[in-house]
Amino acid sequence: MKLIDEKGKLFGRINVIDLAVVLVVIVLAVGVYVKFGVKESTSVTSAMQPVTYEVAVEGVRPSALENLMEGDTLYDQTSGNPIGTITAIRSQQAQNPINLPNGTVIQADAENRIDLFLTVEADAVVNAEGTFVGRTYELLVGSTKNFYTKYVSFIGAVSQIGQNQ
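Computed from a prediction, not measured in an experiment: that's the story for all the values here.

Visitor: Is there a simple way to think about the side chain of D115 in this case?
Guide: Examined against the element boundaries, D115 turns out to sit in strand β6 (residues 105-127). A distance of 2.8 Å separates a polar atom in the side chain of D115 from the backbone nitrogen of G59. In this structure D115 touches V57, E58, G59, R90, S91, Q92, Q93, A94 and Q95, once residues within four positions along its chain are discounted.

Below, the structure is given as structure tokens:
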């Protein structure tokens with residue numbers, strides 16, 4: 001028996017071109033699975049643990065403080081996903097630098113402005129790659145983001161991240 005007969009069929013049963021097409025499709029399917037099908041850093045099996053982080057909000061009007069309450073859910077404005085619950089709120093008078101004629105710089109109270117410090121608790125995956133709230137939202141110290149609650153939106157920076165024990 002010949003390997004390929006006069007009609008171009010392998011062992012007299014399957015066309016060589018059809019076999020080549022099937023092999024290419026199988027190789028492409030394996031390649032797509034390897035490229036997109038494996039995610040290790042934030043897998044569903046990773047253990048979630050409680051974390052506490054602080055968001056610093058500088059130079060907002062006092063009405064922002066009046067619209068925030070402990071227990072409010074904090075959201076990321078880009079994704080709209082909840083990223084924790086506010087557990088504590090601190091405020092202080094906002095300061096602005098003022099350049100004096102002699103070249104020195106002093107800090108003076110900013111009129112009608114305060115700085116807010118929100119303590120937020122959330123469940124997150126903590127691993128070598130970072131801290132991921134809800135498995136997807138990466139917390140980075142110093143990162144500036146747009147946040148909102150039910151009644152107020154603001155730009156804040158994550159100032160510290162800690163793990164609850």
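Visitor: Please explain the packing of aromatic side chains as it appears in this structure.
Guide: Two aromatic rings are characterised by how far apart their centres lie and by the angle between their planes. The tally for this structure, following the rule as stated, stands at two aromatic pairs. A centroid spacing of 5.0 Å and a plane angle of 15 degrees characterise the contact between Y75 and Y148, whose relative ring orientation is stacked. Of this pair, Y75 sits in strand β4 (residues 73-76) while Y148 is found in strand β9 (residues 144-148), placing the two residues 73 residues apart along the sequence. With a centroid separation of 6.1 Å and an interplanar angle of 35 degrees, the aromatic rings of F147 and F154 are classed as tilted. The pair F147 / F154 is uniform in exposure class, with both members buried.

Visitor: Just checking my understanding: could you explain the side chain of D72 for this structure?
Guide: Counting through the fold element by element, D72 comes out in the loop between α2 (62-66) and β4. Here D72 sits buried without a salt bridge, and the closest side chain of opposite charge, K150, lies 8.0 Å off (N-O distance). Of note is the side chain of D72, whose polar atom sits 3.0 Å from the backbone nitrogen of M69. Not counting residues within four places of it along the chain, the set of residues in contact with D72 comprises N67, G84, T85, I86 and T149.

Visitor: In this structure, what is going on with the pattern of salt bridges? I would like to understand it.
Guide: Scanning the model with the defined rule gives one salt bridge in all. The closest approach of N and O atoms between E54 and R90, which form a salt bridge, is 3.3 Å. Taken as a pair, E54 in strand β3 (residues 49-60) and R90 in strand β5 (residues 82-99) lie far apart in primary sequence, 36 residues in all. The exposure class assigned to E54 is buried, which follows from its relative accessible area of 11%.

The rules we used
- Residues numbered from 1 in each chain as written.
- Predicted model: local features only at pLDDT ≥ 70, side-chain atom pairs only at ≥ 80, totals over all residues.
- Heavy atoms only, no water.
- Helix = DSSP H or I, 4+ residues; strand = E, 2+ residues; numbered from the N terminus.
- Polar contact = N/O pair within 3.5 Å; in protein donor to acceptor, adjacent residues only side chain to side chain.
- Contact = heavy atoms within 4.5 Å.
- Phe/Tyr/Trp six-rings, centres within 6.5 Å; stacked < 30°, edge-to-face > 60°.
- Buried < 20%, exposed > 50% of the residue type's maximum accessible area, 1.4 Å probe, protein only.
- Lys, Arg positive; Asp, Glu negative; His and termini not counted.
- Salt bridge = Lys/Arg side-chain N within 4 Å of Asp/Glu carboxyl O.

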